[in-house]
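Chains, contacts and geometry: an overview
Spelled out from the first residue to the last, the chains are:
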Amino acid sequence: MPWFFATAEHDHFIQNPTSPEKIRRVGELLRLDSQSRLVDVACGKGGPAIVLAEAFGCRIVGVERAPVFVQVARKRIAEAGLESLIEVIERDARDFSLEPNAFDAALCLGASFIWDGLDGTLAALAPAVRPGGHVVVGEPFWRQWPLPDEIDPEGFTSLPGTIERFQAAGLVPMGLIAASEDDWDRYESLHWRALEDWLAENEDDPDADEIRGLHEEARDQYLRVRRGLLGWGMFVGRTSRTVRISAWNGVGKGSSCFPGGRPAAARAAGPSASGDEGASPTSRAAA
Ligand SMILES: C[S@@+](CC[C@H](N)C(=O)[O-])C[C@H]1O[C@@H](n2cnc3c(N)ncnc32)[C@H](O)[C@@H]1O
């Protein structure tokens, strides 16, 4: 059977219920510029990374497990002329060692399941950003809480409950950019169209019935439950501005993502001995 999500997300530029405009709004909140360095875990086909690199000139390393998405991401990045700014590493994020204090921001949009939910995701991402840097997680939340008994919360919580999880992880809530009903409908409609196209072109495929079953079940769930009850937002949290001891131990030097680059933690801490200022507005804010 073709991988369901590769088929369903064939036409998505961004594989989440959001838009390039809202991704740019995240970049504005983070005050990104050409000095900013980001990691985007589960970067998919590279949509958010491309939007941010195009808008702010920042450098991004994406980590993505699915080879089919990595291939599309690299092709799109090349077509956009952004190869010098975005690197995509094909890896299971759980096996990717996130360098401590190395980034101005760490993103994970729509894949907190990698670390068994939001708490695990925040614990995994926060150490990778410099003091005063940002963690951005795209995460569902329930609009009604508590939920009706028959609905499984799937590990998600209410909107205030989601913010509390950021606070419990030691992150200061700095912003929320939520999906509108229109964002959701567009995201879901792209699934429907791609799957109906595939089914029309592959009606004799031995997996067609199974694909149709999954497609119709997901559509039904969306129409009956999720469209009314499930929200989704990009939550932005800021780490403490206190310089962590590990920021000084040189672990960030020689990053495989940014060879020769000065680690973000060092830039946050001040000018280097070589006189390389390299501070972004975000790191200045942290000083
Ligand atoms: C909902 S998509 C979001 C993609 C991208 N962040 C975006 O907004 O366009 C979730 C992505 O997580 C990736 N993924 C799932 N498990 C992963 C893992 N263990 N390591 C890395 N990527 C993973 C999937 O292949 C998929 O590309």
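Conventions adopted
- Residues numbered from 1 in each chain as written.
- Predicted model: local features only at pLDDT ≥ 70, side-chain atom pairs only at ≥ 80, totals over all residues.
- Helix = DSSP H or I, 4+ residues; strand = E, 2+ residues; numbered from the N terminus.
- Buried ≥ 20, exposed ≤ 12 C-beta atoms within 10 Å, placed from the backbone.
- Contact = placed C-beta atoms within 7 Å.
- Axes fitted to C-alpha atoms, helices over the stretch in contact; angles between N-to-C directions.
- Left-handed = near helix turned anticlockwise from the far one by under 90°.
- Nonpolar A, V, L, I, M, F, W, Y, C, P; charged D, E, K, R; others polar.
- Pairing = 2+ DSSP bridges.
- pLDDT = per-residue confidence, 0-100.
- Expected span 1.5 Å × (residues − 1).
- Arc of directions from axis to C-beta.

Quick word on the overall build of the protein chain
Tallying secondary structure elements over the protein chain gives 10 helices and 7 strands in all. Here the protein chain, with 287 residues, has 41% of them falling under the buried criterion. Here the contacts in the protein chain between residues at least 6 apart in sequence split such that 73% fall between residues at least 24 apart.

Brief notes about the packing of helix α5 (residues 118–125) against helix α6 (residues 159–168)
The interhelical angle for the contact between α5 and α6, taken along N-to-C directions, is 35 degrees, at an axis separation of 10 Å. Note on packing geometry: the crossing formed by α5 with α6 is right-handed. In this structure, α5 uses Leu118, Asp119 and Leu122 to contact α6, whose residues at the interface are Thr162, Arg165 and Phe166. Of the residues contributing to the contact of α5 with α6, the split by class is 3 nonpolar, 1 polar and 2 charged.

Focus: the pairing of strand β7 (residues 230–238)
Along β7, 9 of the 9 residues are buried, which leaves the element largely enclosed by surrounding structure. What you see with β7 is no split at all: Leu230, Trp232, Met234, Val236 and Arg238 on one side and Gly231, Gly233, Phe235 and Gly237 on the other are buried throughout. As paired elements, strand β5 (residues 129–142) and β7 share 9 bridges and run antiparallel to each other. Note on β7: the bridge partner recorded for Gly138 is Met234. Relative to β7, strand β6 (residues 172–178) runs antiparallel, the two being bridged by 6 bridges.

What about the confidence of the model for the protein chain?
Across the protein chain, the average pLDDT comes to 87, with 84% of residues at or above 70. When pLDDT is averaged over each helix and strand of the protein chain, the minimum, 28, is found for helix α10 (residues 281–286) and the maximum, 99, for helix α3 (residues 47–56). This model gives residues 245–287 a pLDDT under 50, and the stretch forms 80 contacts once residues within four places in sequence are excluded.

Observations regarding the environment of Ser189
If you trace the backbone, Ser189 turns up in helix α7 (residues 181–201). The exposure class of Ser189 is partly exposed, given the 13 C-beta atoms found within 10 Å. Between the C-alpha atoms of Ser189 and Arg219, which are 30 residues apart in sequence, the distance is 9.1 Å.

Comments concerning the environment of Asp205
Within the secondary structure, Asp205 is located in the loop between α7 and α8 (208–229). Judged by C-beta crowding, with 14 C-beta atoms within 10 Å, Asp205 ranks as partly exposed. Asp205 sits 204 residues away from Met1 along the chain, and the two C-alpha atoms are 8.9 Å apart.

Points about α7
The end-to-end C-alpha distance of α7, which contains 21 residues, comes to 30 Å, matching closely the 30 Å that a straight helix rising 1.5 Å per residue would cover. Among the residues making up α7, those that are buried are Tyr187, His191, Leu195 and Trp198. Projection of α7 onto a plane perpendicular to its axis shows the buried side chains occupying an angular sector of 60 degrees, all on one side. In α7, the exposed residues that point more than 90 degrees away from the buried face are Glu181, Asp182, Glu196, Ala200 and Glu201. Check the buried side of α7 and you find it contacts α1 (4–8) and α8.

Let's talk about the sheet that holds β7
Strand order in the open sheet formed by 7 strands is β3-β2-β1-β4-β5-β7-β6, with mixed pairing between adjacent strands. One side of each edge strand has no neighbouring strand; the edge strands of this open sheet are β3 (86–90) and β6. Across the sheet, the axes of successive neighbouring strands diverge by a mean angle of 20 degrees, strand direction being ignored. Here 6 bridges tie strand β4 (residues 103–109) to β5, and the two strands are oriented parallel to one another. Its bridge partner being in β5, Ala105 is matched across the sheet by His134. Helix α2 (residues 20–29) rests against β5, β6 and β7 of the sheet, and its axis sits at about 160 degrees to β6. α3 rests against β1 (37–41), β2 (59–64), β3 and β4 of the sheet, and its axis sits at about 180 degrees to β2.

Considerations on the environment of Leu29
Position of Leu29 among the secondary structure elements: in helix α2. Residue classification places Leu29 among the partly exposed residues on the basis of 18 C-beta atoms within 10 Å. Note: C-alpha distance between Leu29 and Ile177 (148 residues apart in sequence) is 9.9 Å. The contacts of Leu29, once residues within four sequence positions are left out, are Met174, Gly175 and Val236.

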